[in-house]
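One-letter residues, chain by chain:
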Amino acid sequence: MTNQQNVVVLDVISHGVGKVLPPSSLTVAKSFSPQDLKMLLMKKFETEKGGAKVNAWLDSMRASSPTRIRSTTVSLPETDDRSSWIVHHPSALSMFEQIVAASRGKQIVMFLDYDGTLSPIVEDPDRAFMPKEMRATVRDVARYFPTAIVTGRCRDKVYSFVKLAGLYYAGSHGMDIKGPSKSCKYKKGNQGVLFQAASEFLPMIEEVYRALVEKTKSIAGTRVENNKFCVSVHFRCVDEKSWVALAEQVRSVLSEYPKLKLTQGRKVLEIRPTIKWDKGRALEFLLEALGYADSNDVLPVYIGDDRSDEDAFKVKEFLRRLVDWKKFTQRELRCA
Ligand SMILES: O=P(O)(O)OC[C@H]1O[C@H](O[C@H]2O[C@H](CO)[C@@H](O)[C@H](O)[C@H]2O)[C@H](O)[C@@H](O)[C@@H]1O
């Protein structure tokens, strides 16, 4: 948000989840193709099946993980790509009034990314803890709106960080979806595991994880994380001089697995099944599970850091304002 504009408001009214509210007016909605939506919800970089060029990987590795920008006035590196993205994704905080106006008569459904959105980016992925105040805010949000955490992480791992039972969790880039484990007014029936899009890949992912650990163990700073239906190879702590070696090792492992593909996040290479499933599909699945398939009565809000390093303070501020607004409107309705 601020000038980083990471809160994305998706309007499902006429194009499924393919319409994004424009910068200046909510009435002149700009249509986005499914391709654009995918770009929003997935990390940008993706290779062709197993045939990726190490050089292309390296370019992408170098471009990844923008530096955290603390000032609200500092501008981001001005690439055409980034500027045009920002034009279409204005600050949610500055658009707050328009967003709540657009939600009139509709159910807001909240989708939250974890790393870099609810938790600060840290060197050790096992220590990406969620600040207490953020947890309290997300708990409040979930009281008023159906809320889902949508993450590349293993679902159990993200749950151990978030520790809130009233939420939906979509782990492994949306390939592992579970409903709230405690009673919640939006919950429908038994909400245990709702969907696992890539179950048949479990043994393969386990095998690849072990192979990657073995092949990269001599590259100092590499960290391989098993995210159940996908694997992350972290290079945040790897000296840039060793990136070529790392990319080559990853490529050599992946060349044995044509059913897996590589995408890239922030200083992380992500290996996942080549199935047609991603965070966007998880979002659609959850809307359907909540009874909002093809519905005009819903406003899904996705908050993520897929394009830039989010300022967690701004995320919290936006969520807090949303909760306050909801409390206020409910009170007003009762008094009317
Ligand atoms: O989809 P996300 O929830 O954003 O998950 C993407 C990756 O997030 C985690 O890695 C990122 O955060 C780490 C902790 O701050 C950081 O060390 C790393 O450099 C970041 O890329 C997670 O550990 C990965 O498995 C996810 O793929």
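Residues numbered from 1 in each chain as written. Predicted model: local features only at pLDDT ≥ 70, side-chain atom pairs only at ≥ 80, totals over all residues. Heavy atoms only, no water.

Which entries qualify depends on this criterion: UniProt positions are given in the numbering used here, feature names are shortened, and annotations may be inferred rather than shown by experiment.
Going by what an unreviewed UniProt entry lists, the protein chain is known as Trehalose 6-phosphate phosphatase and is assigned to Hibiscus syriacus. For the record of the protein chain, the UniProt heading Pathway (unreviewed entry) holds the text "Glycan biosynthesis; trehalose biosynthesis."

Focus: the side chain of threonine 263
Put simply, the test is: Numbered from the N terminus, helices here are DSSP runs of H or I no shorter than four residues, and strands are runs of E no shorter than two. Identification of polar contacts relies on pairs of N or O atoms within 3.5 Å, with a donor-acceptor requirement for protein atoms, meaning one able to donate a hydrogen and the other able to accept it, and with residues adjacent in sequence counted only if both atoms are side-chain atoms.
Position of threonine 263 relative to the elements: it lies in strand β12 (residues 260-265). A distance of 3.0 Å separates the side chain of threonine 263 from the side chain of arginine 272, its partner in a polar contact.

A look at the pattern of salt bridges
Side chains that differ in charge, positive against negative, can pair when their charged atoms come close. Rules: Only one rule defines a salt bridge in this text: a Lys or Arg side-chain nitrogen within 4 Å of an Asp or Glu carboxyl oxygen. Summary of the burial criterion: residues with accessible area below 20% of their type's maximum are buried, those above 50% are exposed, and those between are partly exposed, where the area comes from a 1.4 Å probe applied to protein chains only.
The final tally for this structure, using the stated rule, is 19 salt bridges. Of the charged contacts, one joins arginine 223 and aspartate 126 as a salt bridge, the two residues approaching to 2.7 Å between their closest N and O atoms. Here the residue arginine 223 occupies a position in strand β10 (residues 223-226), and aspartate 126 occupies one in the loop between β5 (107-112) and α5 (132-144), the gap between them amounting to 97 residues. You can call aspartate 126 partly exposed: its relative accessible area is 35%. Glutamate 225 is the salt-bridge partner of arginine 153, the closest N and O atoms lying 2.9 Å from each other. Here the residue arginine 153 occupies a position in the loop between β6 (147-150) and α6 (155-162), and glutamate 225 occupies one in strand β10, the gap between them amounting to 72 residues. We classify glutamate 225 as buried; its relative accessible area is 9%. Residues joined by salt bridges that share partners form a network here, namely Asp115, Asp124, Asp126, Arg153, Lys157, Arg223 and Glu225.

Some points on the domain arrangement of the protein chain
So the rule is basically this: Segmentation into domains, and thus their bounds, comes from an automatic or database assignment. Should any heavy atoms of two residues lie within 4.5 Å, those residues are counted as being in contact. Put simply, buried area is the surface a 1.4 Å probe can reach on two separate parts but cannot reach once they are joined, added for both. Gly is placed with the polar residues, together with every amino acid not listed as nonpolar (Ala, Val, Leu, Ile, Met, Phe, Trp, Tyr, Cys and Pro) or charged (Asp, Glu, Lys and Arg).
Along its sequence, the protein chain is carved into domain 1 (98-197 + 277-330) and domain 2 (200-273). Just the C-alpha atoms count here: the centres of domain 1 and domain 2 sit 27 Å apart. Contact residues are listed per partner, giving 20 residues for domain 1 and 15 residues for domain 2. Buried area between domain 1 and domain 2, summed over both chains or domains, comes out near 1400 Å², and the portion from carbon and sulfur atoms is 53%. Looking at the side of domain 1 facing domain 2, the largest losses of area belong to Pro125, His173 and Met175, adding up to 33% of the total buried there. Linking domain 1 with domain 2 are four salt bridges. The partner of glutamate 225 in a salt bridge is lysine 157, and the shortest N-O contact between them spans 3.9 Å. Our count for the contact surface shared by domain 1 and domain 2 stands at seven residue pairs in polar contact (both at pLDDT 80 or more). Per-class residue counts for the side of domain 1 that touches domain 2 are six nonpolar, six polar and eight charged.

Examining helix α7 (residues 202-216)
Here is the rule: Helix span, expected: 1.5 Å multiplied by one less than the number of residues in the helix. This arc corresponds to the set of directions leading from the helix axis out to the C-beta atoms.
Between its terminal C-alpha atoms α7 stretches 21 Å, which fits the 21 Å expected from 15 residues at 1.5 Å a residue. The set of residues buried in α7 consists of Ile205, Val208, Leu212 and Thr216. The buried residues of α7 occupy an angular sector of 65 degrees when projected down its axis, which confines them to one face. In α7, the exposed positions angled more than 90 degrees off the buried face are occupied by Pro203 and Arg210.

Section: the nonpolar core
Rule in force here: Take the buried Ala, Val, Leu, Ile, Met, Phe, Trp, Tyr and Cys residues and link them wherever side-chain atoms come within 4.5 Å; each set so joined is a nonpolar core.
Residues Phe111, Leu212, Val250 and Ile271 are the most contacted members of the largest nonpolar core, which totals 46 residues. Of the residues forming this core, the biggest block, six residues, is contributed by helix α8 (residues 243-254). The two domains that each donate at least three residues to this core are domain 1 (98-197 + 277-330) and domain 2 (200-273). Among the nonpolar cores identified, the runner-up in size contains 33 residues, and Met110, Met130, Tyr169 and Leu322 belong to it.

Description of the pairing of strand β13 (residues 268-273)
Successive residues of a regular strand alternate their side chains across the two faces of the sheet. Keep this limit in mind: Following DSSP output, two strands are said to pair if at least two bridges run between them.
Summarising burial for β13: six of the six residues are buried, a large majority. Bridging between strand β11 (residues 231-234) and β13 involves four bridges; their strand directions are antiparallel. Counted as the bridge partner of valine 233 is leucine 269 from β13. Pairing of β12 with β13, which is carried by six bridges, proceeds in the antiparallel orientation. From the neighbouring strand, glycine 265 faces β13, where its bridge partner is valine 268. Counting the residues in the hairpin turn of β12 and β13 gives two residues, including lysine 267, whose phi is positive at 55 degrees.

With respect to the environment of valine 301
Position of valine 301 relative to the elements: it lies in strand β14 (residues 298-303). In this structure valine 301 comes out as buried when scored by relative accessible area, which is 1%. The sequence separation of valine 301 and arginine 281 amounts to 20 residues, and the corresponding C-alpha distance is 15 Å.

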